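One letter stands for each residue in the lines below.
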Amino acid sequence: MRMSAVAVKRIVVAGAVVLLGAASAQAENLTVRTEGSGRFEYDDNPLLRADDASAITGFIATPRLTLLEETDVSRIELGGQVEVNRYDDTDFNSEDYYVNFLARRQFRTGLAWVKADMSYDTTRTSEVAESGLSIAGVRNTRFTVAPHYQADITQLDQLIFDASMVVSRYDDLDNYTNYRTFTFKPTWQRSVTETQAALFAVEGVHYETTSGSGVTTDTLIPQVGWTAQLSPRWKVNGSVGLQYSTTEYDQQFPGREDGSETTYYFDAAINYDDLNDHVVFQTSRRPSSLASGNQAQTTQFKLTGTHNVSQRLDLKLGLTYQFSDRSGSNSSGNNDITFIEAAPQLVYRLTEKLNLNLMYRHREREIGSADATSDAVMVTLTFRPDEFRVD
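Observations concerning the overall build of the chain
Helix and strand content of the chain: two helices and 19 strands. What you see for the chain is a C-alpha radius of gyration of 22 Å, in line with the 21 Å of a compact globule of 391 residues. Taken over the C-alpha atoms alone, the chain extends approximately 60 × 55 × 40 Å along its principal axes. Looking at the 391 residues of the chain, the share that counts as buried comes to 41%. Across the chain, every contact between residues at least 6 apart in sequence was considered, and the portion connecting residues at least 24 apart equals 53%. Entry remark: accessible area of the chain is about 20,200 Å², with carbon and sulfur atoms responsible for 55%.

Points about unusual backbone geometry
Look at Leu48: it is not a glycine, yet its phi comes out positive at around 50°. Topologically, Leu48 is positioned in the loop between β1 (30-43) and β2 (56-70). We note that Asp52 has phi near 55°; this positive angle belongs to a residue other than glycine. With respect to the helices and strands, the residue Asp52 is situated in the loop between β1 and β2. Residue Asp52 is classed as exposed on the basis of its relative accessible area, which comes to 69%.

Here's the deal with the environment of Ile76
Take Ile76: it is sitting in strand β3 (residues 74-87). In this structure Ile76 comes out as buried when scored by relative accessible area, which is 9%. With 28 residues separating them in the primary sequence, Ile76 and Arg104 have C-alpha atoms 6.4 Å apart.

Quick look at the packing of aromatic side chains
In the structure shown here, the tally under the stated rule is nine aromatic pairs. For the pair Phe161 and Phe184, a centre-to-centre distance of 6.5 Å together with 45° between the ring planes defines the contact as tilted. Pair noted here: Phe161 is in strand β7 (residues 157-170) and Phe184 is in strand β8 (residues 179-191), with a separation of 23 residues, a long-range link. Judged by relative accessible area, which is 24%, Phe184 ranks as partly exposed. In this structure, Arg285 packs its charged tip against the face of Tyr264, placed 4.1 Å from the ring centre.

Details of the pairing of strand β13 (residues 277-289)
Two faces make up the sheet, and in a regular strand the side chains alternate between them. Sheet topology note: the strand β12 (residues 259-273)/β13 ladder contains eight bridges and is antiparallel. Bridged to Phe266 within β13 is Arg285. In this structure, the hairpin formed by β12 and β13 is closed by a connection of three residues. Two elements, β13 and strand β14 (residues 295-308), share 13 bridges in a ladder whose sense is antiparallel. When the sheet's bridge partners are listed, Val279 is paired in β14 with Gly305. Linkage of β13 to β14, two consecutive antiparallel strands, is achieved through a turn of five residues, within which Gly293 is found at a positive phi near 90°.

Quick look at the confidence of the model for the chain
Scored by pLDDT, the chain comes out at a mean of 89, with 91% of its residues at no less than 70. Scored below 50 in pLDDT, residues 1-27 makes 44 contacts in the model with residues more than four places away or belonging to other chains. With pLDDT under 50 throughout, residues 329-333 is counted as low confidence; its partners more than four residues away or in other chains account for 20 contacts.

Points about the pattern of salt bridges
For the structure on display, the rule yields 15 salt bridges. Here Glu387 and Arg33 are joined by a salt bridge, their closest N and O atoms 2.9 Å apart. Placement of the pair is Glu387 in the loop between β18 (370-383) and β19 (388-390) and Arg33 in strand β1, with a sequence separation of 354 residues. In this structure Arg33 comes out as partly exposed when scored by relative accessible area, which is 35%. Here Arg190 makes a salt bridge to Asp157, at a shortest N to O gap of 2.9 Å.

A word on the side chain of Thr320
One can find Thr320 in strand β15 (residues 313-325). The buried category is assigned to Thr320, whose relative accessible area is 13%.

Topic: the environment of Phe143
As for its position among the elements, Phe143 is in strand β6 (residues 139-152). Sequence separation of Phe143 and Arg169 is 26 residues, and the distance between their C-alpha atoms is 9.0 Å. Ignoring anything within four residues of it in the chain, the contact list for Phe143 reads Asp117, Met118, Met165, Val166 and Val167.

Conventions and cut-offs
- Residues numbered from 1 in each chain as written.
- Predicted model: local features only at pLDDT ≥ 70, side-chain atom pairs only at ≥ 80, totals over all residues.
- Heavy atoms only, no water.
- Helix = DSSP H or I, 4+ residues; strand = E, 2+ residues; numbered from the N terminus.
- Rg over C-alpha atoms; globule rule 2.2 N^0.38 Å.
- Buried < 20%, exposed > 50% of the residue type's maximum accessible area, 1.4 Å probe, protein only.
- Contact = heavy atoms within 4.5 Å.
- Areas by Shrake-Rupley, 256 points an atom, 1.4 Å probe, with all protein chains shown as cover.
- Phe/Tyr/Trp six-rings, centres within 6.5 Å; stacked < 30°, edge-to-face > 60°.
- Lys NZ or Arg CZ within 6 Å of the ring centre and 35° of its normal.
- Pairing = 2+ DSSP bridges.
- pLDDT = per-residue confidence, 0-100.
- Salt bridge = Lys/Arg side-chain N within 4 Å of Asp/Glu carboxyl O.

What follows is the structure, encoded as structure tokens:
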């Protein structure tokens, strides 16, 4: 299953232009939002090294700007931020850039949007839970484009189409491999009751390296699922299926040979919302792309929650467990990665526009037989002035 990058780009660009033009025609004014934050950080092992760990202390300044045009049926949003990192170890100093774009349009019987993101940061942050190749100062540039379209076919049936393209490039090609990934996912969904629906989808994933020795992996994932609004507070959805993958190498040798693999797939989420609490539990098992020149089967369990104690105080918690199996037919060796993160936070609203955030973060990572831990403390002040409109 080979997919054309040119075709994907044409579809995405055309969709973005149509949505942008339609939304702009009805927009009445432009909303400008600004935000600035400063964070003090201490981390006793920022690179999660198994040996020779060293601590860093630093300050991160982050200005952000968001432009928004919105009508009853459309929305266009463009945002960007800069993270200026300064540490007592200059190897960790960097200016990181992030840009996001959204064009959304509501139709009489459907909805469409295009999302795009660009990040220009370092592998110290981009690779901590993925390939595990965390090196200070190595640049990673990543582009993501994801169009979405859904249409009501009948009163009970809905057709949904999702696609994405991810391109990841690195400055250090001795330790990292450039790659790109294309994903297509048509879905048919049928309402069973007013609050429940069944779905059938077929997802195709194409992974290919663009530097070093060539590797190509194609994956097909037929799946069935269910979504339900159990009550005003509880919502659940999930799907299960099979994954069939084939991998080809430009250069083969023992442990790195062409082959195929069949395994299982799942993706589920539980949401709880009331006046004071918001909790989301997510779990999945699916292919993930790595900068080590292959794909892995990644199983993840993630819990995020916010409890509103008072008008001024929120308590937050984030828990992540992730296991990446890299010992299958599309891997060069058994270097499985286990990653764990726990991050409780306290958010205190000093004023309507100024927040204080206190966070402790514990991380663990095991690659093969080598394991490492990291403990960090962060104190952040965030200022959000009033938004303003430009006629």
